[in-house]
Amino acid sequence: MFDDRTTCAVVVGAQWGDEGKGKLVDVLAERADFVVRYQGGANAGHTVVIGDAQFILRQIPSGILHPRVTCVVGNGVVIDAETLFGELDGLHERGIDTEGRLFVSDRAHLVLPYHKLLDAASEKSQAIGTTGRGIGPAYADKTGRRGIRVGDLRNLAATRLLLDDRIDRANSLLAMMGSSERASVEEHAALLGRLAPRLLAVAADTGLLVYRAVKARRRVLLEGAQGALLDLDHGTYPYVTSSNTTAGGASVGSGIGPTAIDGVLGVVKAYTTRVGNGPLPSAASPEEDERLRRLGGEFGAVTGRARRCGWFDATVVRYAARVNGLTELAVTKLDVLDTFESIPVCVAYELEGERCEEVPSEVERLERVRPIYETLPGWGASTASARTLADLPAAARAYLDRVERLADTPIRYVSVGTRRDQIIEV
Ligand code: GDP
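Keep in mind that what you see is a predicted model, and the values were worked out from it rather than measured.

### Considerations on the nonpolar core
Then comes step 1: Within the largest apolar cluster, 69 residues are counted, with the highest numbers of intra-cluster contacts made by Val-10, Val-220, Leu-222, Leu-292, Leu-334, Leu-337 and Tyr-399.
Then comes step 2: Here this core spans two domains, since at least three of its residues come from each of domain 1 (8-105 + 203-265) and domain 3 (269-425).
Then comes step 3: Excluding anything up to four places from it in sequence, Leu-337 contacts Ala-270, Tyr-271, Leu-292, Trp-311, Ile-343, Trp-379 and Tyr-399.
Then comes step 4: Counting 57 residues, the second-largest nonpolar core is a separate cluster that includes Phe-55, Leu-118, Ala-183 and Leu-191.

### A short note on the pattern of salt bridges
Then comes step 1: Within this structure, the stated rule accounts for 33 salt bridges.
Then comes step 2: Here Arg-107 ties to Asp-205 by a salt bridge, and the two come within 3.4 Å at their closest N and O atoms. Of this pair, Arg-107 sits in the loop between strand 7 (102-105) and strand 8 (109-110) while Asp-205 sits in the loop between strand 9 (203-204) and helix 7 (206-215), and the two are 98 residues apart along the sequence.
Then comes step 3: Relative accessible area serves as the criterion here: at 34%, Asp-205 is assigned to the partly exposed category.
Then comes step 4: The closest approach of N and O atoms between Arg-370 and Glu-350, which form a salt bridge, is 3.9 Å. Residue Arg-370 is located in strand 18 (residues 370-377), and its partner Glu-350 is located in strand 16 (residues 342-351); the two are separated by 20 residues in the primary sequence.
Then comes step 5: Judged by relative accessible area, which is 52%, Arg-370 ranks as exposed.
Then comes step 6: Through salt bridges with shared partners, a single ionic network connects Asp-18, Lys-269, Glu-298, Arg-307 and Lys-333.

### As for unusual backbone geometry
Then comes step 1: Pro-238 follows Tyr-237 through a cis peptide bond whose omega is 10 degrees.
Then comes step 2: The phi torsion at Phe-2 lies on the positive side, around 65 degrees, for a residue other than glycine.
Then comes step 3: Turning to its location among the elements, Phe-2 is positioned in the segment before strand 1 (8-13).
Then comes step 4: Despite not being glycine, Asp-18 has its phi angle at roughly 60 degrees, a positive value.
Then comes step 5: Position of Asp-18 relative to the elements: it lies in the loop between strand 1 and helix 1 (21-29).

### Focus: the pairing of strand 19 (residues 411-415)
Then comes step 1: Within strand 19, four of the five residues are buried, which leaves the element mostly enclosed by the surrounding structure.
Then comes step 2: Bridge count for strand 15 (residues 328-332) against strand 19 is three bridges, and the pairing is parallel. If you follow Leu-329 over to strand 19, its bridge partner there is Ile-411.
Then comes step 3: In this structure, strand 19 lies alongside strand 20 (residues 423-425), joined through three bridges in antiparallel fashion. Across the sheet, residue Val-414 finds its bridge partner in strand 20, namely Ile-424.

### Quick notes on the environment of Asp-233
Then comes step 1: Considering the arrangement of structural elements, one finds Asp-233 in the loop between strand 10 (220-227) and helix 8 (247-254).
Then comes step 2: Separated by 85 residues in the primary sequence, Asp-233 and Arg-318 have C-alpha atoms spaced 17 Å apart.
Then comes step 3: Within the structure, the side chain of Asp-233 is placed 3.0 Å from the side chain of Asn-244, a separation counted as a polar contact.

### Looking at the packing of aromatic side chains
Then comes step 1: Applying the stated criterion across every chain yields a total of two aromatic pairs.
Then comes step 2: Between the aromatic rings of Trp-311 and Phe-340, the centroid separation amounts to 5.6 Å while the plane-to-plane angle is 90 degrees, which identifies the pairing as edge-to-face. Taken as a pair, Trp-311 in the loop between strand 13 (308-310) and strand 14 (312-313) and Phe-340 in the loop between strand 15 and strand 16 lie far apart in primary sequence, 29 residues in all.
Then comes step 3: Over the face of the ring belonging to Phe-340 we find Arg-291, whose NZ or CZ atom lies 3.9 Å from the ring centre.

### Some points on empty space enclosed by the protein
A water-sized probe rolled over the atoms picks out the places where empty space is left.
Then comes step 1: A complete count under the given rule lists one cavity of 30 Å³ or more for this structure.
Then comes step 2: Quantified by volume, the largest cavity comes out at close to 40 Å³.
Then comes step 3: Forming the boundary of the largest cavity are His-109, Leu-110, Leu-112, Tyr-114, His-115, Ala-138, Asp-141, Gly-147 and Ile-148.
Then comes step 4: Every element with two or more residues in the lining of the largest cavity is listed here: strand 8, helix 3 (113-125) and helix 4 (135-143).
Then comes step 5: Here the residues of the lining of the largest cavity are counted per class, giving five nonpolar, three polar and one charged.

### Considering the sheet that holds strand 9
Then comes step 1: In space, the 10 strands of this open sheet follow the order 9-7-5-2-10-1-11-15-19-20, with mixed pairing throughout. On the outer flanks of this sheet lie strand 9 and strand 20, each paired with one strand and no other.
Then comes step 2: The pairing of strand 7 with strand 9 spans two bridges and is parallel. Pairing of Ser-105 across the sheet is with Ala-204, part of strand 9.
Then comes step 3: Running over the sheet, helix 12 (residues 394-407) touches strand 15 and strand 19 and is turned about 135 degrees from strand 19.

### A word on the domain arrangement of the protein
Then comes step 1: Splitting the protein by domain gives domain 1 (8-105 + 203-265), domain 2 (109-200) and domain 3 (269-425).
Then comes step 2: Relative to domain 3, the C-alpha centre of domain 1 lies at a distance of 23 Å.
Then comes step 3: On the side of domain 3, 40 residues touch domain 1, which itself brings 38 residues to the contact.
Then comes step 4: For the domain 1 and domain 3 pair, buried surface summed over both sides reaches about 3100 Å², with 60% attributable to carbon and sulfur atoms.
Then comes step 5: In this structure, the connection of domain 1 to domain 3 is made through four salt bridges.
Then comes step 6: One salt bridge connects Arg-420 with Glu-30, and the closest N-O pair in it is separated by 3.7 Å.
Then comes step 7: The tally of links from domain 1 across to domain 3 stands at 18 residue pairs in polar contact (both at pLDDT 80 or more).
Then comes step 8: Elements supplying a minimum of two residues to the side of domain 1 that touches domain 3: helix 1, strand 3 (46-50) and strand 11 (263-269).
Then comes step 9: Tallied by class, residues from the side of domain 1 that touches domain 3 come to 20 nonpolar, 11 polar and seven charged.

The rules behind these values
Residues numbered from 1 in each chain as written. Predicted model: local features only at pLDDT ≥ 70, side-chain atom pairs only at ≥ 80, totals over all residues. Heavy atoms only, no water. Core = buried A, V, L, I, M, F, W, Y, C linked by side-chain atoms within 4.5 Å. Buried < 20%, exposed > 50% of the residue type's maximum accessible area, 1.4 Å probe, protein only. Domains from an automatic or database assignment. Contact = heavy atoms within 4.5 Å. Salt bridge = Lys/Arg side-chain N within 4 Å of Asp/Glu carboxyl O. Helix = DSSP H or I, 4+ residues; strand = E, 2+ residues; numbered from the N terminus. Pairing = 2+ DSSP bridges. Polar contact = N/O pair within 3.5 Å; in protein donor to acceptor, adjacent residues only side chain to side chain. Phe/Tyr/Trp six-rings, centres within 6.5 Å; stacked < 30°, edge-to-face > 60°. Lys NZ or Arg CZ within 6 Å of the ring centre and 35° of its normal. 1 Å grid on protein atoms, 1.4 Å probe; cavity = no way out; pocket = protein on both sides within 12 Å on 5 of 7 lines; lining within 4 Å. Points joined across faces, edges and corners; volume = space filled by probe spheres on them. Nonpolar A, V, L, I, M, F, W, Y, C, P; charged D, E, K, R; others polar. Axes fitted to C-alpha atoms, helices over the stretch in contact; angles between N-to-C directions. Buried area = accessible area lost by both parts, 1.4 Å probe.

Printed below as a string of structure tokens:
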């Protein structure tokens, strides 16, 4: 990524999220001029470890940790301004200067407290396993053309009138869903009044900023949140997130045309995890699920929720490669598999007695697939200090070769630990 041919690249999750995109973005941001988030909200907890410090960034691009990088929160993101400023204060306390290098799209929609109330109420009636941060309802307001955008804060009097209508509607919905919670117009108006000066200070036509950066052949990294199988269109609907996580979303959500993008890196774990509800065809047995979770620290960065663990699912990754147009792959957490004697890899599914090489479009069918496993030998040695492919045990190299062939996408990076330097560039 980032050579003479690639100056505008997308990094996406190619499974169900939590693939370790934060670390890859952090490594690549070192070579980038701009890092742009294009979808999702404060539900995406990127974890970046620098020295002894761990940073969890939910709303601000993790590129902010690099002093040279300009960070953009694009129009496709829904903004939880209180979280954003909380993170910003945390960064400032730790001596990270963000002045003049963080911009938020004035076309981005706001996540407001009433969205969180709606999220909680709707999760009670249809459990998707959301993070309860109001992201789904904020996107629903966006597509329903009743959202409130960052730029609306420039005219608080007009926005106050919008609020009357939105809160009225939200309260009717809450009553309908049997919730006793109610949102208050006064509280929302006061909140917007408080947020406006600080938010408007960083608000910009970010599409234009990114366009100019691309035109000037500056290095632009478009950072996806969640993963392909959580994409609103291409994921395991309805157990999905409310935005397009796949690479096409990078164009829409950042405001540049698709021809500007010249590389797409898909991040996958060397195994599979899933948080929230919905099918996981390559789920491991309870003992191995527990072992993978313990070794991989598979608990949500934002919610602390335990992730379900399973084996590498090549059907999922091939599918993600197709819908994202992946040009390269990063395999993370190889070190988590170090102690397994043998490692199953799901190469295809069996559905209704037939071999199935694609991800079925309905979850009901995906729930019924049986994984077809191929078992590869483990390597029984630590990979944590490997910095080249040659440093890896032969069985680990063979495992990666098999993953690469099954995914039909060249592996460019292999991550072998949480630290920034624990990476192999192929
Ligand atoms: P993201 O949302 O895709 O950035 O993923 P998260 O940050 O939620 O989860 C990735 C977790 O795995 C974080 O705790 C990382 O520090 C950790 N991690 C990333 N790469 C590796 C790796 O190669 N090995 C190990 N053991 N942990 C890793």
